[in-house]
There are 4 protein chains.
Amino acid sequence: MLTLTRLDLTEARTLITAAKAKAEEIGVPMCIAVMDESCNLIAFERMDGAKVPSITIAIDKAFTAAGTRNPTKGLGEASQPGKPAWGVSSTIGGRMVVIAGGLPVASGGAVIGGIGVSGGSPDQDLEVAEAAVAAFVGG
Amino acid sequence: MLTLTRLDLTEARTLITAAKAKAEEIGVPMCIAVMDESCNLIAFERMDGAKVPSITIAIDKAFTAAGTRNPTKGLGEASQPGKPAWGVSSTIGGRMVVIAGGLPVASGGAVIGGIGVSGGSPDQDLEVAEAAVAAFVGG
Amino acid sequence: MLTLTRLDLTEARTLITAAKAKAEEIGVPMCIAVMDESCNLIAFERMDGAKVPSITIAIDKAFTAAGTRNPTKGLGEASQPGKPAWGVSSTIGGRMVVIAGGLPVASGGAVIGGIGVSGGSPDQDLEVAEAAVAAFVGG
Amino acid sequence: MLTLTRLDLTEARTLITAAKAKAEEIGVPMCIAVMDESCNLIAFERMDGAKVPSITIAIDKAFTAAGTRNPTKGLGEASQPGKPAWGVSSTIGGRMVVIAGGLPVASGGAVIGGIGVSGGSPDQDLEVAEAAVAAFVGG
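Residues numbered from 1 in each chain as written. Chains lettered and ligands numbered in written order. Predicted model: local features only at pLDDT ≥ 70, side-chain atom pairs only at ≥ 80, totals over all residues. Heavy atoms only, no water.

Q: Explain the overall build of chain A to me, please; I cannot follow it from the model alone.
A: Along its length, chain A carries 4 helices and 5 strands. Taken from the N to the C terminus, the helices and strands of chain A come in the order β-α-β-β-α-α-β-β-α. Its C-alpha atoms give chain A a radius of gyration of 14 Å, within 12% of the compact-globule value 14 Å for 139 residues. If one aligns the C-alpha atoms of chain A with their principal axes, the spans along those axes are about 45 × 40 × 25 Å. Each of the 139 residues in chain A was classed as buried or not, and the buried ones make up 60%. For chain A, the proportion of contacts with a sequence separation of at least 24, taken over those separated by at least 6, is 63%. Carbon together with sulfur atoms contributes 57% to the accessible area of chain A, which is approximately 5000 Å² in total. One way to put it: in chain A the 11 positive side-chain charges average out to a point 4 Å from where the 14 negative ones average out. (Helix = DSSP H or I, 4+ residues; strand = E, 2+ residues; numbered from the N terminus. Rg over C-alpha atoms; globule rule 2.2 N^0.38 Å. Buried < 20%, exposed > 50% of the residue type's maximum accessible area, 1.4 Å probe, protein only. Contact = heavy atoms within 4.5 Å. Areas by Shrake-Rupley, 256 points an atom, 1.4 Å probe, with all protein chains shown as cover. Lys, Arg positive; Asp, Glu negative; His and termini not counted. Charge placed at Lys NZ, Arg CZ, Asp CG, Glu CD.)

Q: So what exactly am I meant to see when it comes to the relation of the copies chain A and chain B here?
A: For the pair of chain copies, the relating operation is a rotation around an axis with a shift along it. Superposition record for chain A on chain B: RMSD 0.1 Å, screw rotation 180 degrees, translation along axis 0.0 Å. The transformation just described matches what one would write down for a two-fold rotation axis. Minimal C-alpha separation from the rotation axis in chain A is found for Phe44(A), amounting to 2.5 Å. When the interface residues of chain A are mapped onto chain B, 100% of them are again interface residues, pointing to one common binding face. (Least-squares fit on C-alpha atoms with pLDDT ≥ 70 in both.)

Q: When you look at the interface of chain A and chain B in this model, what are you seeing that I'm missing?
A: Accessible area lost upon the coming together of the parts is a frequently used measure of interface size. Taken together, the contact pairs 18 residues of chain A with 18 residues of chain B. Summed over both sides, the interface between chain A and chain B buries roughly 1400 Å², with carbon and sulfur atoms accounting for 50% of that surface. Looking only at chain A, the three residues that lose the most surface to chain B are Leu9(A), Leu41(A) and Arg46(A), adding up to 37% of its buried area. For Arg46(B), the salt bridge goes to Asp36(A), with nearest N and O atoms at 2.9 Å. (Buried area = accessible area lost by both parts, 1.4 Å probe. Salt bridge = Lys/Arg side-chain N within 4 Å of Asp/Glu carboxyl O.)

Q: I would appreciate a short explanation of the interface of chain A and chain D in the present structure.
A: If you look at the interface, chain A gives 20 residues, while chain D gives 21 residues. Roughly 1500 Å² is buried in total at the junction of chain A and chain D, and carbon and sulfur atoms are behind 66% of that figure. The interface formed by chain A and chain D contains 5 residue pairs in polar contact (both at pLDDT 80 or more). If you tally residues by element for the side of chain A that touches chain D, the top one is helix α2 (residues 53-68) of chain A, at 3 residues. Taken together, the residues that form the side of chain A that touches chain D break down as 10 nonpolar, 8 polar and 2 charged. (Polar contact = N/O pair within 3.5 Å; in protein donor to acceptor, adjacent residues only side chain to side chain. Nonpolar A, V, L, I, M, F, W, Y, C, P; charged D, E, K, R; others polar.)

Q: Before we go on, may I ask you to explain the packing of aromatic side chains in this structure?
A: Both the distance between ring centres and the angle between the ring planes are used here to describe each pair of aromatic rings. Under the criterion given, the structure shown has 2 aromatic pairs over all chains. Seen in terms of ring centroids, Trp86(B) and Trp86(C) are 6.0 Å apart; in terms of plane orientation they differ by 25 degrees. Their pairing is stacked. Of the two residues, Trp86(B) sits in the loop between α3 (72-78) and β3 (102-107) while Trp86(C) sits in the loop between α3 (72-78) and β4 (102-107), which places them in two different chains. The exposure class assigned to Trp86(B) is exposed, which follows from its relative accessible area of 54%. The ring of Phe63(A) carries Arg95(A) above its face, with NZ or CZ at 4.2 Å from the centroid. (Phe/Tyr/Trp six-rings, centres within 6.5 Å; stacked < 30°, edge-to-face > 60°. Lys NZ or Arg CZ within 6 Å of the ring centre and 35° of its normal.)

Q: For this particular structure, what's the right way to read the relation of the copies chain A and chain D?
A: When chain A is fitted to chain D, the residual RMSD is 0.1 Å, and the transformation amounts to a turn of 94 degrees plus an axial shift of 0.5 Å. Interpreted geometrically, this transformation is the action of a four-fold axis. Each copy contacts the other with its own distinct surface, as only 20% of the interface residues of chain A are interface residues in chain D too.

Q: Could you clarify how one ought to interpret the sheet that holds strand β1 (residues 31-36) of chain D in this entry?
A: Ordered in space as β4(C)-β5(C)-β2(C)-β3(C)-β2(D)-β1(D)-β4(D)-β3(D), the 8 strands form an open sheet in which the pairing is antiparallel. Looking at the sheet topology across the chains shown, the edges are occupied by β4 of chain C together with β3 (102-107) of chain D. For this sheet, the mean inter-axis angle between neighbouring strands, taken without regard to orientation, is 20 degrees. Pairing geometry for β4(C) and strand β5 (residues 110-118) of chain C, over 6 bridges, is antiparallel. Residue Leu103(C) lies in a different strand from β5(C), and its bridge partner there is Ile115(C). Against the sheet, helix α1 (residues 9-26) of chain C touches β2 (31-36), β3 (41-46), β4 and β5 of chain C together with β2 (41-46) of chain D, its axis set at about 25 degrees to β3(C). Along the sheet face, helix α2 (residues 53-68) of chain C touches β2, β3, β4 and β5 of chain C together with β2 of chain D and points at about 160 degrees away from the line of β5(C). (Pairing = 2+ DSSP bridges. Axes fitted to C-alpha atoms, helices over the stretch in contact; angles between N-to-C directions.)

Q: How should I be thinking about the side chain of Asp36(B) in this particular structure?
A: Tracing the sequence through the fold places Asp36(B) in strand β1 (residues 31-36). By relative accessible area, which is 0% here, Asp36(B) ends up buried. Within the local environment of Asp36(B), its side chain forms a polar contact with the side chain of Arg46(A), the two groups lying 2.8 Å apart. A polar contact of 2.7 Å, which involves the side chain of Asp36(B), links it to the backbone nitrogen of Ser38(B). In this view, Asp36(B) contacts Arg46(A), Arg6(B), Ile42(B), Ala66(B), Ile112(B) and Gly113(B); residues no more than four positions away in its chain are not counted.

Q: Explain unusual backbone geometry here, please?
A: Both trends apply: most residues other than glycine have a negative phi, and most peptide bonds are in trans. Of note in the backbone geometry, Ile92(C) takes a positive phi value of approximately 50 degrees without being a glycine. With a relative accessible area of 14%, Ile92(C) lands in the buried category. At Cys39(D), a position not held by glycine, the phi torsion is positive, near 65 degrees. Tracing the chain through its elements places Cys39(D) in the loop between β1 and β2.

Q: What's the story with the sheet that holds strand β2 (residues 41-46) of chain B in this structure? I'm lost.
A: Strands pair in a sheet through their backbones, by hydrogen bonds, and they do so in one of two ways: parallel or antiparallel. With antiparallel pairing, 8 strands are arranged side by side in an open sheet as β4(A)-β5(A)-β2(A)-β3(A)-β2(B)-β1(B)-β4(B)-β3(B). Two strands bound the open sheet, and with one partner strand each, they are β4 (102-107) of chain A together with β3 of chain B. For this sheet, the mean inter-axis angle between neighbouring strands, taken without regard to orientation, is 20 degrees. In this sheet, strand β4 (residues 110-118) of chain B lies alongside β1(B) in antiparallel orientation, the contact comprising 6 bridges. Looking at β4(B), one finds that Cys31(B) is bridged to Ser118(B). In the packing of helix α1 (residues 9-26) of chain A onto the sheet, the strands contacted are β2 (31-36), β3 (41-46), β4 and β5 (110-118) of chain A together with β2 of chain B, and the crossing angle to β3(A) comes to about 25 degrees. Contacts from helix α2 (residues 53-68) of chain B reach β3 of chain A together with β1, β2, β3 and β4 of chain B within the one sheet, and its direction differs from that of β4(B) by about 160 degrees.

Q: Hey, could you run me through helix α2 (residues 53-68) of chain D in this one?
A: Spacing of three or four residues puts side chains on the same side of an α-helix, whose turn is 3.6 residues. With 16 residues, α2(D) extends 22 Å from end C-alpha to end C-alpha; this agrees with the ideal 22 Å at 1.5 Å per step. In terms of burial, α2(D) is a largely internal element, 13 of the 16 residues being buried. (Expected span 1.5 Å × (residues − 1).)

Structure representation (structure tokens):
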């Protein structure tokens, strides 16, 4: 048998609360999703006024970051024309999102989940995701 | 133009908090989803230990209840063999859930969203959804 | 954080090997799938001559058994017309299989995965799945 | 009538065993899938620790290689901006994977199946797939 560690709901809510605080600070309503290390959804919130497509994009950014154990932004770079991961964005029914705003969440060297943020520019989404992860690590 | 009323995130979180309290009271970890009146997800939480298929079923119960503006349990009765809604459970790629546990949320005579609960028996799921809606109306 | 236990690949292969032995004994080529407790596929084999639809049905029986933490056969009974889980077979895009042949795999009181078998009659599928789980528990 | 030749399960397992040996040698846990010439799954294994998105990507690399009867890497080159196969990666619901790591398996001039590997870099995935095919041909 394998033994695994995983984000719990309290930790997922800590991530979302910190993300919302940063999103409010920059004045952009966001969708925020938290997945576990097995790519199953733990928690999600859509801030009032956030965009409808951002619901799915936030969820899939979290899926991608938790699943690849890497920031989605790096996958964007690796999938540019001519690069090795070219075409990855349409795999898994398009669930692999290569836009900034998805980050893995790690503890003790293991990825225990991921967060995905969507609603602003990719840079804003990433800023919000980074604030969330920083709050988790610092907690 | 149409003017709509819709659950906001604070209200969605009130629904989820009340649902979790009831789920803890009966000792069954649940997935709880809240949709708006346009069938778009506002908030979701999976309690620690809740089942993976319940993630999708809770979301789709909320979709069904908000969309049909009726409890999912009634759709179960209406879709029995020989009844008029026979076959509805496989429409929309199977998103129409006819199992108890999805309820519309109304205000001033208008449906403004829906809640879906999954993780226990259908009766338990419905009990948790009812506790959530009662907390909202009473709030 | 949550700490979980999960089937590893060696255990999944033990399950499949035992399933194949029973399938050969009764003379019916089968598809056999093993999922982890988070409903992600660990291993799959289609015996020579097994039917093409059985590929997906075996995988989805394993998904259902691991996810609901119960035999798929019980879900068949609970979803008969007029019963509480009526309509469950079309949820999650039809991935919830209510036909015998899916069993959870447990250890120390926790479900750590599931097996799904398809290719024969539901009774034969269940017999093969039971032989696999018996081999795992006895190992 | 057509008479076809196709990988059998024993051969599929030979491919997977050789792939796992190479993956262990380079120290990267992989997902490995083998399809038949009709693009139906024969066998699959996820090594302990391999990533969840790699499950689907390995299966779809095998689908693409068996189906196109060509390495997936070549499709990556042919689908670059301005090239004739531009856009192919999003066909078939995204199942056409244009990333290295999928190879056809041939015998006597006919493609009899395909293998797909995912979990490392595209170069690592291809190295593992090549080791598998070499073991098959040499066997």
